[in-house]
Amino acid sequence: MSKGIFKAATLLATFIFLIACSPKLDWRTVQAPQERYTALFPGKPDKLERRIPYLDQELLQTLEAVKIDDDIYSVSTIQLRANQSASISKLLSQLQANLINGTKASGGDVTVEDAFYKTADRQRLPIKDYFLDLKSNGKSQQLMRVRWINRVAPNGDNWIYQISVLHANLGTESANTLLSKEEYENFFSDFSPE
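None of the values given here were measured: they were computed from a predicted structure. (Residues numbered from 1 in each chain as written. Predicted model: local features only at pLDDT ≥ 70, side-chain atom pairs only at ≥ 80, totals over all residues. Heavy atoms only, no water.)

1. What about the pairing of strand β2 (residues 37–41)?
Definition in use: Think of it in three bands: with a 1.4 Å probe and only protein chains considered, a residue is buried below 20% of the maximum accessible area for its type, exposed above 50%, and partly exposed in between. Helix and strand labels come from DSSP, where a helix needs a run of H or I of at least four residues and a strand needs a run of E of at least two; each type is numbered from the N terminus. We treat two strands as partners when DSSP finds at least two bridges between them.
The buried fraction of β2 is high, at four of five residues. Of the strand pairs in this sheet, strand β1 (residues 28–32) and β2 are connected by five bridges, and their pairing is antiparallel. Directly across from Ala32, in β2, lies its bridge partner Tyr37. Linking β1 to β2, which pair antiparallel, is a turn of four residues; within it Arg36 sits at a positive phi near 65°. Sheet analysis places β2 next to strand β10 (residues 192–193), joined by two bridges and oriented antiparallel.

Here it is in structure tokens:
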């Protein structure tokens, strides 16, 4: 009888150990050849496409996102054809202003830090990371880290990427402190546009 109890206890301990060791984050490289990037997602992302109106035209926006517990990891892509390139700086400014001004208007805080991203050919280029504390009624509701990258393809098309993590379960850490931890940093540092 004690052998049976010992085997059951060993089996239970092994099962608990395996559950405890199974990673919450299942990192995988996602290649998006149509959107011209490679990213490291912490799970299998869902992909959505929609058309957005902009300056009397419609632009295709593609979103790949995955939700892991209280976090949403996402990459949004907008392509502007070479003949639309005059609109690129205005569109990029509008995307940034919508999020940043909305955060400030609700009483939230925005911090900007210098960062780098790497291209598919391993070139490191400077970029800005925006850390947002999104508030409602004076209380923090969500934290967000976002980065915008603009790349010009060899054919002259422009690609705008918005890489972001939205965190909903708030503790006492600031957006900068929390969203700079390894599980978030991997997502940003391993995004590579062509």
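What follows picks up the thread again.
2. Observations regarding the sheet that holds β10
Taking strand neighbours across the sheet as the criterion, the three strands line up as β1-β2-β10 in an open arrangement whose pairing is antiparallel. Two strands lie at the open edges of the sheet, namely β1 and β10, each paired on one side alone.

3. Some remarks on the layout of surface pockets
Counted only if it meets this: Of the grid points, spaced at 1 Å and generated over the protein atoms alone, those admitting a 1.4 Å probe that cannot get out make up cavities, while open sets with protein on both sides within 12 Å along at least five of seven lines make up pockets; any residue with an atom within 4 Å of a point is treated as lining. Grid points are joined across faces, edges and corners, and a volume is the space filled by probe spheres set on the points. Three categories are distinguished: nonpolar for Ala, Val, Leu, Ile, Met, Phe, Trp, Tyr, Cys and Pro, charged for Asp, Glu, Lys and Arg, and polar for the others, with Gly belonging to the last.
Considered as a void within the structure, the largest pocket measures approximately 500 Å³ in volume. Residue assignment for the lining of the largest pocket shows that the elements contributing at least two residues are β3 (46–54), β4 (57–68), β5 (71–80), α2 (88–105), β8 (139–152) and β9 (158–167). For the lining of the largest pocket, the element with the highest residue contribution is β3, accounting for six residues. Partitioned by chemical class, the residues of the lining of the largest pocket number 15 nonpolar, seven polar and two charged.

4. Some words on the nonpolar core
This is how the line gets drawn: We define the nonpolar core as a collection of buried residues of types Ala, Val, Leu, Ile, Met, Phe, Trp, Tyr and Cys that are connected through side-chain atoms lying within 4.5 Å of one another. Only heavy atoms enter the contact rule, under which two residues are in contact if any of them lie within 4.5 Å.
Membership of the largest hydrophobic core comes to 29 residues, with the highest contact counts inside it found for Phe41, Tyr73, Ile163, Phe187 and Phe191. The greatest single-element share of this core, amounting to four residues, is contributed by β9. Look past the residues within four positions of Phe191 in its chain and what remains in contact with it is Tyr37, Thr38, Ala39, Val75, Lys118, Ile149, Tyr161 and Ile163. In this structure, Tyr54, Leu80, Ile88 and Leu92 belong to the second largest nonpolar core, which totals 16 residues.

5. Let's talk about the environment of Ile127
With respect to the helices and strands, Ile127 occurs in strand β7 (residues 124–136). Excluding residues that lie within four positions of it along the chain, Ile127 makes contacts with Glu113, Asp114, Ala115, Phe116, Tyr117, Arg147, Trp148 and Ile149.

6. Digging into the packing of aromatic side chains
The condition is simple: A pair of Phe, Tyr and Trp rings is counted when the ring centres sit within 6.5 Å of each other, with Trp represented by its six-membered ring. The angle between the planes then sorts it: under 30 degrees is stacked, over 60 is edge-to-face, the rest tilted.
Overall, the coordinates contain ten aromatic pairs when judged by the stated rule. Ring geometry for Tyr73 and Phe187: centres 5.3 Å apart, planes at 85°, overall edge-to-face. One end of the pair, Tyr73, is in strand β5; the other, Phe187, is in helix α4 (residues 182–189), and 114 residues separate them in sequence. On the accessibility criterion, Tyr73 (1% relative accessible area) is buried.

7. Brief notes about the pattern of salt bridges
Side-chain pairs of opposite charge can arise whenever the charged atoms involved come near each other. Worth spelling out the cut-off: Note on definitions: salt bridges are taken to be side-chain nitrogens of Lys or Arg within 4 Å of carboxyl oxygens of Asp or Glu.
Evaluated as defined, the whole model comprises eleven salt bridges. Of the charged contacts, one joins Lys135 and Asp109 as a salt bridge, the two residues approaching to 3.5 Å between their closest N and O atoms. With Lys135 in strand β7 and Asp109 in strand β6 (residues 109–118), the pair connects residues that are 26 residues apart, well separated along the chain. The salt bridge partner of Arg147 is Asp129, with a shortest N-O separation of 2.6 Å. Linking Arg147 in strand β8 with Asp129 in strand β7, this pair joins segments that are 18 residues apart in sequence. Take Arg147 and Asp129: they sit in the same class, and that class is buried. Several salt bridges converge on common partners, so that one network encompasses Asp129, Arg145, Arg147 and Glu185.

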